[in-house]
Amino acid sequence: CHTIEAFDPSYAKGLVRYNPDGASAMNLRQLTRLAELSSWLREHDRRLLFELLVPAEPTQLAKVGGDCDLYDLEMRPELTVRAIAEAQAAGVEPEIWKVEGLDRREDYQRVAEKARAAGRHKVTCIILGRGADAAKLDNWLRQEAGVPGFIGFAIGRTIWQQPLKELLARKLDRAGASRVIANNYLRMIAIYLDARVA
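The sections below set out a description of the structure shown in this document. It should be emphasised that the depicted structure is a prediction, and the values quoted were computed from it without experimental measurement.

**Digging into the overall build of the chain**
Part 1 of the argument: Counting its regular elements, the chain contains 9 helices and 5 strands.
Part 2 of the argument: Listing each helix as α and each strand as β along the chain from the N terminus yields α-β-α-β-α-α-α-β-α-β-α-β-α-α.
Part 3 of the argument: Computed over its C-alpha atoms, the radius of gyration of the chain comes to 18 Å, within 12% of the 16 Å expected for a compact globule of 198 residues.
Part 4 of the argument: Its C-alpha atoms give the chain principal-axis dimensions of roughly 50 × 45 × 35 Å.
Part 5 of the argument: Considering only contacts in the chain between residues 6 or more positions apart, those separated by 24 or more positions represent 75%.
Part 6 of the argument: If the 29 positive side-chain charges of the chain are averaged to one point and the 27 negative ones to another, these points end up 4 Å apart.

**A few points about the pairing of strand 1 (residues 11-17)**
Part 1 of the argument: By the alternation rule, side chains of strand 1 split into Ala12, Gly14 and Val16, which are all buried, and Tyr11, Lys13, Leu15 and Arg17, of which none is buried.
Part 2 of the argument: Bridge count for strand 1 against strand 2 (residues 47-53) is 7 bridges, and the pairing is parallel. Residue Ala12 lies in a different strand from strand 2, and its bridge partner there is Leu48.

**Let's talk about the layout of surface pockets**
Part 1 of the argument: A volume near 170 Å³ is recorded for the largest pocket.
Part 2 of the argument: As for the largest pocket, its lining consists of 14 residues, and the residues nearest its centre are Glu51, Leu128, Gly129, Arg130 and Arg157.
Part 3 of the argument: Of all the secondary structure elements, the ones that give two or more residues to the lining of the largest pocket are strand 1 and strand 2.
Part 4 of the argument: Among the elements that line the lining of the largest pocket, the one with the most residues is strand 1, at 3 residues.
Part 5 of the argument: Broken down by class, the residue content of the lining of the largest pocket amounts to 5 nonpolar, 3 polar and 6 charged.

**A few points about the nonpolar core**
Part 1 of the argument: Counting residues in hydrophobic clusters, the biggest one holds 46 residues, and the most contacted among them are Leu52, Trp97, Val111, Ile127, Leu141 and Phe150.
Part 2 of the argument: Apart from residues lying up to four places away in sequence, Leu141 is in contact with Ile127, Phe153, Ile155, Met188, Ile191 and Tyr192.

**Some points on the packing of helix 5 (residues 76-89) against helix 6 (residues 105-115)**
Packed helix pairs are characterised by how far apart their axes lie and by the angle those axes make with each other.
Part 1 of the argument: Across the interface, helix 5 lies against helix 6 with an axial gap of 9 Å and an inter-helix angle of 5°. When the axis of helix 5 is compared with that of helix 6, the two are roughly parallel. Side by side, helix 5 and helix 6 meet where Pro77, Glu78, Thr80, Val81, Ile84, Ala85 and Gln88 of the first sit next to Asp107, Arg110, Val111, Lys114 and Ala115 of the second.

**Section: the sheet that holds strand 4 (residues 124-128)**
Part 1 of the argument: Reading across the sheet, the 5 strands line up as 1-2-3-4-5 and stay open at both edges, with parallel pairing between neighbours. Of all strands in the sheet, those with a lone pairing partner are strand 1 and strand 5 (150-154), marking the two edges. Between one strand axis and the next, the sheet turns through 25° on average, direction left out of account.
Part 2 of the argument: Where helix 6 meets the sheet, it contacts strand 3 (96-100), strand 4 and strand 5, and its direction lies at approximately 135° from that of strand 4.

**Description of the environment of Leu28**
Part 1 of the argument: As for its placement among the helices and strands, Leu28 is situated in helix 2 (residues 24-43).
Part 2 of the argument: Between the C-alpha atom of Leu28 and that of Ala87, which follows or precedes it by 59 residues, the distance is 9.7 Å.

**Brief notes about the packing of aromatic side chains**
What describes a pair of aromatic rings is the distance from one ring centre to the other and the angle between the planes of the rings.
Part 1 of the argument: Summed over all chains, the structure comprises 4 aromatic pairs.
Part 2 of the argument: Centre to centre, the rings of Phe50 and Trp97 are 4.6 Å apart; their planes meet at 40°, and the pair counts as tilted. One end of the pair, Phe50, is in strand 2; the other, Trp97, is in strand 3, and 47 residues separate them in sequence.
Part 3 of the argument: With relative accessibility at 2%, the residue Phe50 sits in the buried group.
Part 4 of the argument: Judged by centre distance (5.0 Å) and plane angle (90°), the ring pair of Tyr108 and Phe150 falls under edge-to-face. Taken together, the residues span a long stretch of sequence, with Tyr108 in helix 6 and Phe150 in strand 5 at a distance of 42 residues.

Conventions we followed
- Residues numbered from 1 in each chain as written.
- Predicted model: local features only at pLDDT ≥ 70, side-chain atom pairs only at ≥ 80, totals over all residues.
- Heavy atoms only, no water.
- Helix = DSSP H or I, 4+ residues; strand = E, 2+ residues; numbered from the N terminus.
- Rg over C-alpha atoms; globule rule 2.2 N^0.38 Å.
- Contact = heavy atoms within 4.5 Å.
- Lys, Arg positive; Asp, Glu negative; His and termini not counted.
- Charge placed at Lys NZ, Arg CZ, Asp CG, Glu CD.
- Buried < 20%, exposed > 50% of the residue type's maximum accessible area, 1.4 Å probe, protein only.
- Pairing = 2+ DSSP bridges.
- 1 Å grid on protein atoms, 1.4 Å probe; cavity = no way out; pocket = protein on both sides within 12 Å on 5 of 7 lines; lining within 4 Å.
- Points joined across faces, edges and corners; volume = space filled by probe spheres on them.
- Nonpolar A, V, L, I, M, F, W, Y, C, P; charged D, E, K, R; others polar.
- Core = buried A, V, L, I, M, F, W, Y, C linked by side-chain atoms within 4.5 Å.
- Axes fitted to C-alpha atoms, helices over the stretch in contact; angles between N-to-C directions.
- Parallel < 35°, antiparallel > 145°, perpendicular 65-115°, else oblique.
- Phe/Tyr/Trp six-rings, centres within 6.5 Å; stacked < 30°, edge-to-face > 60°.

Note that all results are geometric; they support no functional claim without further evidence.
What follows is the structure, encoded as structure tokens:
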């Protein structure tokens, strides 16, 4: 907590790997620590951004024949909703939930409804890019745009990873890499804004 006070960020971010069907002792330990952090932040007029990753358990992946995309489509949305509910029940109260991209608009709606349940109407959600390819990310942005409770995205590697590799390999100079990164980011913004209007 001294580090939070020293840096005085707008949000304290907790990146958490949590699967409701995962090891119960580990889940309980994580939720206990996160509830302590959440409580401390509230007591000190600070805000929490909770980045939730829901990795597949081996038994879950086996149910979809080892297909990670099928896990993401058929299982992860419900597990995300359950993870949010379990965190809330434990006393974890972020202002922003940062969740992995989802393939269907109705899944975004369910996540936002759970994040804002029981009077949490000011809580918002954003999506993360998870290093996904541009086509997958485009779909996630289009599905998310305009869903009440979702306010945008925080995407990194999809935007800057390839230009950075090309810069390090001397295939691009610094100005060229900066231009590609900026164009990638502007493209994502345009997709998101266009989808909100549609």
